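Residues per chain are reported as follows:
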Amino acid sequence: MLYAAELPVPEEYATRVAQDANTLLAKVAGYLKPEDLPLLEAAFKFSAECHKTQLRKSGEPYITHPLAVADILADHHLDAQALMAAFLHDTMEDTGVTKIELTERFGKPIADLVDGLSKLEKLEFQSKEEAQAENFRKMLMAMARDVRVILVKLADRLHNMRTLSHMREDKQKRIAAETLEIYAPIANRIGLHGIYQELEDWSFRYLHPMRYEVLGKALKAARGNRREVVSKILDAIKHKLAEAQVEATVYGREKHLASIYKKMQEKHLSFSEVLDIYGFRVIVKDVPTCYLALGTLHGLYKPRPGTFKDYIAIPKPNGYQSLHTALSGPYGTPIEVQVRTHDMHKVAQAGVASHWMYKSGDDGVSDVQQKTHQWLQSLLEIQSMSGDSVEFLEHIKVDLFPGEVYVFTPKGKILTLPQGASAVDFAYAVHSDIGNRCIAVRINYDLMPLRTTLKTGDQVEIITATTARPNPSWLNFVVTGKARSHIRHFLKTMRYEEAVTLGERMLNQSVRALMNQVTELPAEAWDRYLKENAPSKRDEILADIGLGKRLGVVVGQRLLTLAGLLSEGEANSGPILIRGTEGVAVQFSRCCNPIPGDPIIGLIKQGQGLVIHTHDCPQVVGRHSKFDPDKLLEVEWDVPIGKLFDVQIRVLAMHERGALAEIAASISDAAANIENVRMDKDADGDRYTEISFTVQVENRQHLARVMQALRSLERVVRIHRLKGSGGHS
């Protein structure tokens, strides 16, 4: 046992701290092995010594915080290592204790847990957001290796929220917002329902103090007014179940404030309109009895259509199982009822922590572990696909707010997806390769667009092609972190590879210009250049040239100098040939919409690679140009061109019935696609209509054929090609 005299804290607190510590040790002695207790005492004393000069904002000794965190974990029967990590969780971050020292004193598992909980204070970040995101990334990666990291962190955050009143108001709001955005959803995701609700309530209290106070008073008043009705319903349920010979424990529960407030917001209700502030829970012995109890309740009160949910047959992602139904009670009072078994109730209350609380080998508990493990592994996959910690956190936030959409594969397997998930999200949920190669989808046997939002009960079949690849437009409608991270990763890789290819072409052109001949750059020159630009690699230099981060002529000049090949003379620059299939490393400017056959010029633009303009585009040449002439490159169209190009034309036609249909048919007959149409009345009353088309053509000759076909129409008065903001040729 611990004694007050042993604790290095102010005397007035020593006795209380010692009492709390001894109470905690007595609590854990009920489920831990006797040999674990001395280890806990050692960790507690070491933490108390480390924090002996530190006080909390409340004025209490800092050791009261680790002690409270350990006490919360003890309620969930966490093991000795987790409790020791709770005592020590701030020692590395706040007292200068090293991981090596913790490893020597308490072993590697404890040191790893504490390290996973410690922020990266010593690294430099460009912004506060980046620092926060990187700390979350570190914690979540540690959690993926050992789920106890997040259990300790949630207990840490819960105690901090309970004592947040001592902080400044701005800090209260920042911490509460962070809790609501990250920690409460994580608690929900791993099934810690009690901690989830308390974190939500504390966050609501500090983010909206006035609303919290008003709603709290209204709930207290309603509690008295509705006590008689609730008691009547409870008695009726118990009596009806007893009549049906269903053994059950029945009790009423009051919804927490944050839940009521959320419902008021989502459904635009006043407090007086939120009638179902009470719910009822029926706990029975086994699964068949759950359905028997449900039928009995539906015989007592009429069920409300569309409200029944069977989470026993299809559990929630965090392993939660229950039958949910809503009934119309006395005086039309809506009643929400949950029916579950005792084992399901354990999981519902403790989630993944039920692994420690109930070591009885229940299938429900092992199922929760499996689902949590799958989610943690998905974190590792998303991390490997994310470019940086901010992007990783963005993907995780998406996955922390799961809805309840359950869809079926063609073989009958059930997949759980968030609300708003599309067919592409489903494809990536099946397998990343299926997502990368999907081209179409059948939903309930009908061909549907990939952007189709899925509904519970849909049967989804993905159609793939070996040559297919992710489309950037998918990012506009996918909602899962896995899909978003895989698409972004693929596009970044593709952009990088294309930039390397383009950069090599641009570098070769620069070398030809400097040497007046085709010259092979020796490997020795590259080796010396890369040493000067360490830790760069050859492909990174070429990608930088292709993306406009380095000038090819500067790199070429240095390489030739290092090779001893640079000579004076007139540069003979050969143009870069544009094929139209280079991908994202070569872009075609929207200001002038160049098409094959147009004289063109290339502009190196930072981070975008090579941007192609027409040679007379006012954005690039002339007195209004904002670009450095040194960044202009000579380019020409290659033959053949491998794609269609957008071009805008404006047609002035007589305002007559059928004119648009006739013009559209003529464009189609000329083998051009119509991408967009806009109509405006001409200034001359109702006689003429101006129609702007975006059409897709192969080249300038193809465009000429389209325009010739339109000029032959009697209803067409005038036609011209648009360039830039309304200019034309």
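We now turn to the structure provided with this report. The structure displayed is predicted, hence computed values, not measured ones.

1. Description of the nonpolar core
If you look at the biggest cluster of nonpolar residues, it comprises 61 residues, and the most contacted ones within it are Phe87, Leu88, Leu102, Leu154 and Leu199. Ignoring any residue separated from it by four or fewer positions in sequence, one finds Leu199 in contact with Leu154, Arg157, Leu158, Met161, Thr179, Tyr183, Ala184 and Ala187. Listed in part, the 52 residues of the second largest apolar core include Leu521, Trp526, Ala543 and Ile667.

2. Section: the sheet that holds strand 11 (residues 460-464)
One open sheet holds the three strands; their spatial order is 10-9-11, and the pairing between them is antiparallel. A strand with exactly one partner marks an edge of an open sheet, and here the two such strands are strand 10 (446-448) and strand 11. Averaged over all neighbouring strand pairs, the angle between strand axes comes to 35°, with direction disregarded. Strand direction decides the pairing type here: strand 9 (residues 438-443) and strand 10, joined by three bridges, are antiparallel. Bridge pairing in strand 10 places Val441 opposite Met448. The strands touched by helix 19 (residues 423-430) are strand 9 and strand 11; relative to strand 11, the strand with the most contacts, the crossing angle is about 80°.

3. Notes on the side chain of Arg721
Examined against the element boundaries, Arg721 turns out to sit in strand 20 (residues 716-723). A distance of 2.7 Å separates the side chain of Arg721 from the side chain of Asp598, its partner in a polar contact.

4. Considerations on the environment of Pro288
As for its position among the elements, Pro288 is in helix 14 (residues 287-300). Relative accessible area serves as the criterion here: at 58%, Pro288 is assigned to the exposed category. Taking the C-alpha atoms as reference, Pro288 lies 9.7 Å from Thr341; in sequence the two are 53 residues apart.

5. Some remarks on the packing of helix 6 (residues 99-106) against helix 7 (residues 108-117)
Two quantities define a packed helix pair, namely the angle between the axes and the distance from one axis to the other. Viewed as axis vectors pointing N to C, helix 6 and helix 7 meet at an angle of 145°, and their least axial separation amounts to 7 Å. Crossing of helix 6 against helix 7: the hand is right-handed. Residues Lys99, Leu102, Thr103 and Phe106 of helix 6 pack against Lys108, Ile110, Ala111, Asp112, Val114 and Asp115 of helix 7. Residue classes in the contact of helix 6 with helix 7 are distributed as five nonpolar, one polar and four charged.

6. Quick look at the pairing of strand 2 (residues 278-284)
Here strand 2 lies mainly inside the structure; seven of its seven residues are buried. The two faces of strand 2 match: Tyr278, Phe280, Val282 and Val284 on one face and Gly279, Arg281 and Ile283 on the other face are all buried. One ladder, built from six bridges, connects strand 1 (residues 249-254) with strand 2; its direction is antiparallel. Following the sheet pairing, Thr249 is matched in strand 2 by Ile283. Bridging between strand 2 and strand 6 (residues 334-341) involves six bridges; their strand directions are parallel. Residue pairing across strands places Arg281 opposite Gln338, the latter belonging to strand 6.

Rules of the game
- Residues numbered from 1 in each chain as written.
- Predicted model: local features only at pLDDT ≥ 70, side-chain atom pairs only at ≥ 80, totals over all residues.
- Heavy atoms only, no water.
- Core = buried A, V, L, I, M, F, W, Y, C linked by side-chain atoms within 4.5 Å.
- Buried < 20%, exposed > 50% of the residue type's maximum accessible area, 1.4 Å probe, protein only.
- Contact = heavy atoms within 4.5 Å.
- Pairing = 2+ DSSP bridges.
- Helix = DSSP H or I, 4+ residues; strand = E, 2+ residues; numbered from the N terminus.
- Axes fitted to C-alpha atoms, helices over the stretch in contact; angles between N-to-C directions.
- Polar contact = N/O pair within 3.5 Å; in protein donor to acceptor, adjacent residues only side chain to side chain.
- Left-handed = near helix turned anticlockwise from the far one by under 90°.
- Nonpolar A, V, L, I, M, F, W, Y, C, P; charged D, E, K, R; others polar.

By themselves, these observations are geometric and do not establish any function.
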